[in-house]
Amino acid sequence: MLLAGRDPAPQPCQGYSSSMFATVRFGDNCQVMVNLLCCVQTLTGHLKWKCQCRPEDCIDLVDEKGTLMNLSKVEDPASEYASKYLQGRQRYILIRVVREENSKDTSYESLLEDLGKHYPDLPVRDEKVKVLILP
């Protein structure tokens, strides 16, 4: 029922819900909520800016179980949505992907300080260098 001179109560945006957002942890126990309805390139660019990474750094995410999300391997990050690779309402850990020169070896450095304290069950090789062992 509409009352004369009054606008109807605002309705929630159709098609949007909290399931389109995820939390990314990094730094000294910092976290940021990110919208997954953007391209992977926009998401990774925003995360680099938030955690003060260099633009040339390669970053990715792991979930709280240690599963690599492989955002750094997306073929067309400018057109593929982050929601294709990440789930809403989940928490992720920001990592730096380190590809060794003249080698196919890749290592992953946690950008969340004290990773072992926050996630003692994650496969961490060496807490000092914060390198993750991922399949």
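All figures in this text were calculated on a predicted structure; none of them were measured in a lab.

The rules behind the values
Residues numbered from 1 in each chain as written. Predicted model: local features only at pLDDT ≥ 70, side-chain atom pairs only at ≥ 80, totals over all residues. Heavy atoms only, no water. Helix = DSSP H or I, 4+ residues; strand = E, 2+ residues; numbered from the N terminus. Polar contact = N/O pair within 3.5 Å; in protein donor to acceptor, adjacent residues only side chain to side chain. Contact = heavy atoms within 4.5 Å. Core = buried A, V, L, I, M, F, W, Y, C linked by side-chain atoms within 4.5 Å. Buried < 20%, exposed > 50% of the residue type's maximum accessible area, 1.4 Å probe, protein only. Arc of directions from axis to C-beta. Lys, Arg positive; Asp, Glu negative; His and termini not counted. Salt bridge = Lys/Arg side-chain N within 4 Å of Asp/Glu carboxyl O.

Draft legend 1. Region of the structure containing the side chain of Asp-57. Structurally, the position occupied by Asp-57 is in the loop between helix H1 (40–50) and strand S3 (58–63). A polar contact of 2.6 Å, which involves the side chain of Asp-57, links it to the side chain of Arg-54. Only 3.4 Å separates the side chain of Asp-57 from the side chain of Arg-96, close enough to count as a polar contact. Every residue in contact with Asp-57, bar those within four places of it in the chain, is listed here: Lys-48 and Arg-96.

Draft legend 2. How the structure looks around the nonpolar core. Ranked by size, the top nonpolar core spans 22 residues in total, and within it Val-24, Val-34, Leu-43, Leu-47, Leu-61, Leu-86 and Leu-94 carry the most contacts. For this core, the elements supplying multiple residues, two or more each, are strand S1 (21–26), strand S2 (30–35), H1, S3 and strand S4 (91–99). Grouped together as the second largest cluster of nonpolar side chains are 10 residues, Ile-93, Ile-95, Leu-112 and Leu-115 included.

Draft legend 3. Seen up close, H1. For H1, the full list of buried residues reads Val-40, Leu-43, Thr-44, Leu-47 and Lys-48. Mapping the buried residues of H1 onto a view down its axis gives an arc of 135 degrees, with all of them on the same face. Buried residues in H1 make contact with S1, S2, S3 and S4. Of the residues one or two after H1, Gln-52 is the one with positive phi, at around 60 degrees.

Draft legend 4. Expanded view of the side chain of Asp-60. In this structure, Asp-60 sits in strand S3. Arg-99 provides the closest opposite charge to the buried, salt-bridge-free Asp-60, at an N-O distance of 6.5 Å. From its side chain, Asp-60 meets the backbone nitrogen of Leu-71 in a polar contact 2.9 Å long. Polar side-chain contacts of Asp-60 include one of 2.8 Å to the side chain of Ser-72. If sequence neighbours within four positions are ignored, Asp-60 has contacts with Leu-68, Met-69, Asn-70, Leu-71, Ser-72, Ile-93, Leu-94, Ile-95 and Val-97.

Draft legend 5. A look at the pattern of salt bridges. Evaluated as defined, the whole model comprises six salt bridges. Where Arg-54 meets Asp-57, a salt bridge forms, and the shortest distance between an N and an O atom there is 2.6 Å. Between Glu-80 and Lys-84 there is a salt bridge whose closest N-O contact spans 2.8 Å. By relative accessible area, which is 17% here, Glu-80 ends up buried. Take Lys-84: its relative accessible area is 59%, and that puts it in the exposed class. Linked through salt bridges whose partners overlap, the residues forming this network are Arg-54, Glu-56, Asp-57, Arg-96 and Glu-109.

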